[in-house]
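Overview (structure and organization)
So you can see what is in the structure, the chains are spelled out below.
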Amino acid sequence: MDIIGVIGAGVMGQGLAQDLAQHGYQVLLNDISEEILDDAKRRIKQNLRAQRMLGNTSESGETTDQIMARITTSTTLDFLSDAQFVVENVTEKWDIKKEIYPQIDKICRDDVVFAVNTSAISITKVGSLTNRPEKVLGIHFMNPVPMKNTVELIQGYHTSEESLETARQFLSGFNKESVLVNDAPGFVSNRVLMLTINEAAYLVQDGVADAADVDKIFINCFGHTMGPLATADLIGLDTILYSVEVLYESFNDSKYRPCPLLKKMVDAGLHGCKNGQGFFKY
Amino acid sequence: MEETKIQIKDFFSRFFDVDNLADDIDIFANGYVNSLFAMQLISWIEKEFSVAVEDDDLQLTNFNSVNAITGFIERKSSIVA
Ligand SMILES: NC(=O)c1ccc[n+]([C@@H]2O[C@H](COP(=O)([O-])OP(=O)(O)OC[C@H]3O[C@@H](n4cnc5c(N)ncnc54)[C@H](O)[C@@H]3O)[C@@H](O)[C@H]2O)c1
């Protein structure tokens, strides 16, 4: 397995493409516009250079350009006919994700496994969009992908053992370990994390403490390396909101109601680190 | 040279408090900065001073203090000039 399709070149797609290319995989990176793809390549390059500067270069001694040369981009999905494994990382919205799968189901070879990189969307439901539900599984990568070596591997209702094994092989190629969990909204990680972040946003909204103090309590009192609100900024406030909305709709439980302040910030274009302003300024 | 130092500190101040920052303090070793900063620093130097940072330049010793960055920019600019 050495040619990997990566759909969506946002925060996750960029991190994944970089990590894969650094480990010798050929990457086929897709997004909806040339500008987004150019921007993604620029950011990946910046990241590779920062890593080099900080002394975390790949042992292979390759140049930044050699690594970048393994990433091929396209705004159409057709080139995925060459892919041997696909990871989809488009926006956390069902209406966007659902358009992708029937297309790649036609374009990709029959033996190709599709990994959904999602924060909360049902893997089983995604599987139902294809004629290969046994080959659809979830891989919940952590952000930033090149720095986080354990992922949640999610088994949908129809996902086969064989597909899980293929995914494990793929992951071991770039030193990722996985924890297998069953398909349920938010899996393990985000069912807890999103609720925590949402509640932290309520604390700010209700004037209990400001964002810096909320985070300070998690860092200084609980020993977390990062507070929930800086974490939210890193993930992207839009992605947080969409994930909380998915949880709310999936469980039909009011405990997942999205915090109005979070909604307002997303509407105002405050998306966190990726565009310079969230709960904190970057 | 002094002007370069002011520009650098001005850039640093977007990330951390530079009030008492000595020009030779190692900002990486002293926990002032993270990799997000490293990314932005390289791009900023390239844009602000119109120099190209090559793979071989990407060594911490070129960028770890106000003095190091000033020296790097001077070496790079004089090659072009
Ligand atoms: N950000 C995180 O920390 C994080 C962590 C784990 C999982 N995830 C999940 O990964 C997925 C991507 O998240 P992200 O943070 O990268 O989001 P993002 O908003 O940064 O990027 C999404 C990208 O998808 C692209 N896109 C939209 N429609 C598309 C289409 N039809 N075809 C191709 N590309 C399309 C967008 O242009 C954008 O570049 C989401 O499902 C999210 O829940 C995110």
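Right, let's walk through the structure included here. If you're wondering where the values come from, they're calculated on a predicted model, not measured in any experiment.

Each value, and the rule that gives it
Residues numbered from 1 in each chain as written. Chains lettered and ligands numbered in written order. Predicted model: local features only at pLDDT ≥ 70, side-chain atom pairs only at ≥ 80, totals over all residues. Heavy atoms only, no water. Helix = DSSP H or I, 4+ residues; strand = E, 2+ residues; numbered from the N terminus. Rg over C-alpha atoms; globule rule 2.2 N^0.38 Å. Buried < 20%, exposed > 50% of the residue type's maximum accessible area, 1.4 Å probe, protein only. Contact = heavy atoms within 4.5 Å. Areas by Shrake-Rupley, 256 points an atom, 1.4 Å probe, with all protein chains shown as cover. Polar contact = N/O pair within 3.5 Å; in protein donor to acceptor, adjacent residues only side chain to side chain. Near = heavy atom within 4 Å. Nonpolar A, V, L, I, M, F, W, Y, C, P; charged D, E, K, R; others polar.

Let us look at the overall build of chain A. Looking only at helices and strands, chain A has 11 helices and eight strands in total. For 282 residues, the compact-globule formula gives about 19 Å, and the C-alpha radius of gyration of chain A, at 19 Å, lands near that figure. The C-alpha extent of chain A, read off along each of the three principal axes, is 55 × 45 × 35 Å. Counting all 282 residues of chain A, 50% fall into the buried class. In chain A, of all internal contacts separated by at least 6 residues, the share reaching a separation of at least 24 is 66%. By element, 50% of the accessible surface of chain A is carried by carbon and sulfur atoms, the whole surface being about 12,700 Å².

Residues and elements named next belong to chain A. Mapped onto the elements of the fold, Thr 130 is located in the loop between α5 (123-127) and β6 (136-140). Among the residues examined, Thr 130 registers a relative accessible area of 8% and is labelled buried. Reaching out from Thr 130, the side chain makes a polar contact with the backbone oxygen of Gly 127 at a distance of 2.9 Å. Ignoring any residue separated from it by four or fewer positions in sequence, one finds Thr 130 in contact with Tyr 101, Asp 105, Phe 114 and Val 136.

Moving on, we get to the site of the ligand. Residue and element names in this part refer to chain A. What surrounds the ligand is a group of 26 residues, the closest being Met 12, Asp 31, Glu 92, Lys 97 and Ser 119. In the model, an oxygen atom of the ligand is placed 3.0 Å from a nitrogen or oxygen of the Val 11 main chain. In the environment of the ligand, an oxygen atom lies 2.8 Å from a nitrogen or oxygen atom belonging to the side chain of Lys 97. Protein contact buries 89% of the 830 Å² of open area that the ligand shows by itself. Of all the secondary-structure elements, those providing two or more residues to the shell around the ligand are α1 (11-22) and α4 (94-107). Looking at which element gives the most residues to the shell around the ligand, the answer is α4, with three residues. For the shell around the ligand, the per-class residue count stands at 11 nonpolar, 11 polar and four charged.

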